[in-house]
Amino acid sequence: MDEELVKGIYLKIKMYRNKSIKFFSVCIALVIAFFVIMGILISIHASTFAVVLFGVFAAAAIGLMVYFYRVNMNDKAALKNKILNYFLSSRKDKHEVILYFPVGSMKNDFVNSNIYNGYNNLFFTEQVNIGNGFKIANALATDRTDESKVIKFDGIFAAKKIDEFYENEIIIKPDFENKYVSSVVISKDKLLGNDSQKVYLESAEFEKYFEVCSKNQIKAREIVTPKYMEDLLNIKLKLGVPIKVIYKGNMKYIAIWNKKILDDKSIFRRNLDLKALKEEFDYIIEACENII
């Protein structure tokens, strides 16, 4: 059954790719034809009626392009939904509730987590809710001005309700966030009244990639045990990207840079391996939900 499902998805991907190529080929042909005909009308000093008639046909062609573009986007959304359902098929027997949303709604979680700051635009796609307390989605946070756009975070963001309540947040930062402040005597956090301190751990290998900060050193060490450090380090090395984790209140928040739950570039490349994508998806879900 699984093999048949995978074959069906591959076939639909191939059909979608072929339709997309035809659609964009027609669009390019219409644009070229527009400029060629416009040039001819100008060169022969065409009558007003001919120009108006050409304008009507051009408007109709644009309307048709927009219509087929929307159809193409709907086909794409349906295909991605089918792929996500395949990814989640092995989990449906374990959870009563599994929901998928093409456009996510995790803004409050992202803001409350304080996991990244300095952005003014926030978008979520391919959100998956598993059970009653775990949510995960592609997230993009940017700082946009009239002159430029800076990407603050682009990757996977997850949030999970946990049984214990953490009055003082525990932050596990990726190493690149800490290097620039290593020589500063008075940190920005202290200037802002945040007296979180670095938690020194007995793992030089872990501290090559992570730094743990909290006001409550004892509580932080209760979470970041040798086994926890080993597991998180293995996840980081396997995925090959920065990871940030925050325990705050009764929530756990996780950010994984440069990864996607479902990435268009991965889905529509010619050497697509759906099973490999599913294995990575399962690994990330398991890591975020149960290991970290």
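Treat the numbers as computed from the prediction; the structure is a model and nothing was measured. (Residues numbered from 1 in each chain as written. Predicted model: local features only at pLDDT ≥ 70, side-chain atom pairs only at ≥ 80, totals over all residues. Heavy atoms only, no water.)

(A) Up close: the overall build of the protein. If you tally the helices and strands in the protein, you get nine helices and seven strands. Computed over the C-alpha atoms, the radius of gyration of the protein is 25 Å, more than 25% above the 19 Å expected from 2.2 N^0.38 for a compact globule of 292 residues. For the protein, the C-alpha atoms occupy an extent of roughly 85 × 55 × 30 Å along the three principal directions. Pairs at least 24 apart in sequence give 66% of the contacts found in the protein among residues at least 6 apart. Working note: accessible area of the protein is about 17,400 Å², and carbon and sulfur atoms make up 58% of it. Here the protein holds 42 positive side-chain charges and 35 negative ones, and the gap between their average locations is 6 Å. (Helix = DSSP H or I, 4+ residues; strand = E, 2+ residues; numbered from the N terminus. Rg over C-alpha atoms; globule rule 2.2 N^0.38 Å. Contact = heavy atoms within 4.5 Å. Areas by Shrake-Rupley, 256 points an atom, 1.4 Å probe, with all protein chains shown as cover. Lys, Arg positive; Asp, Glu negative; His and termini not counted. Charge placed at Lys NZ, Arg CZ, Asp CG, Glu CD.)

(B) Looking closely at the packing of aromatic side chains. Counting across every chain of the model gives 18 aromatic pairs. On the numbers, 5.9 Å between centres and 50° between planes, the contact of Tyr-86 with Phe-87 is tilted. Judged on exposure class, the residue Tyr-86 and its partner Phe-87 are both buried. For the ring pair Phe-110 and Phe-124, a centre distance of 6.0 Å and an interplane angle of 65° mean the geometry is edge-to-face. One end of the pair, Phe-110, is in helix α3 (residues 107-113); the other, Phe-124, is in strand β2 (residues 121-130), and 14 residues separate them in sequence. Phe-110 sits in the buried class, given a relative accessible area of 0%. A network of ring pairs unites the aromatic residues Phe-110, Tyr-116, Tyr-119, Phe-124, Phe-153, Phe-157, Tyr-253 and Trp-257 as a single cluster. A cation over an aromatic ring shows up here: Lys-278 above the ring of Tyr-86, its NZ or CZ 5.9 Å from the ring centre. (Phe/Tyr/Trp six-rings, centres within 6.5 Å; stacked < 30°, edge-to-face > 60°. Buried < 20%, exposed > 50% of the residue type's maximum accessible area, 1.4 Å probe, protein only. Lys NZ or Arg CZ within 6 Å of the ring centre and 35° of its normal.)

(C) Broad picture of the nonpolar core. Ile-136, Ile-172 and Tyr-247 are the most contacted members of the largest nonpolar core, which has 53 residues in total. The element contributing the most residues to this core is helix α9 (residues 274-291), with seven residues. Not counting residues within four places of it along the chain, the set of residues in contact with Ile-136 comprises Met-106, Glu-126, Gln-127, Val-128, Ile-156, Phe-157, Ala-158, Ile-261, Ile-284, Ile-285 and Cys-288. (Core = buried A, V, L, I, M, F, W, Y, C linked by side-chain atoms within 4.5 Å.)

(D) Layout of the packing of helix α1 (residues 2-43) against helix α2 (residues 48-88). Contact geometry of α1 with α2 gives a least axis separation of 10 Å together with a crossing angle of 165°. Considering the angle they form, α1 stands roughly antiparallel to α2. Handedness of the α1/α2 crossing: left-handed. (Axes fitted to C-alpha atoms, helices over the stretch in contact; angles between N-to-C directions. Parallel < 35°, antiparallel > 145°, perpendicular 65-115°, else oblique. Left-handed = near helix turned anticlockwise from the far one by under 90°.)

(E) The arrangement of the pattern of salt bridges in detail. For the structure on display, the rule yields 12 salt bridges. With a closest N to O distance of 2.5 Å, Lys-275 and Glu-3 form a salt bridge. Taken together, the residues span a long stretch of sequence, with Lys-275 in helix α9 and Glu-3 in helix α1 at a distance of 272 residues. Glu-3 sits in the partly exposed class, given a relative accessible area of 43%. (Salt bridge = Lys/Arg side-chain N within 4 Å of Asp/Glu carboxyl O.)

(F) Looking closely at the side chain of Lys-76. Among the secondary structure elements, Lys-76 is positioned in helix α2. Apart from the residues within four sequence positions on either side, Lys-76 is in contact with Tyr-16, Asp-264 and Phe-268.

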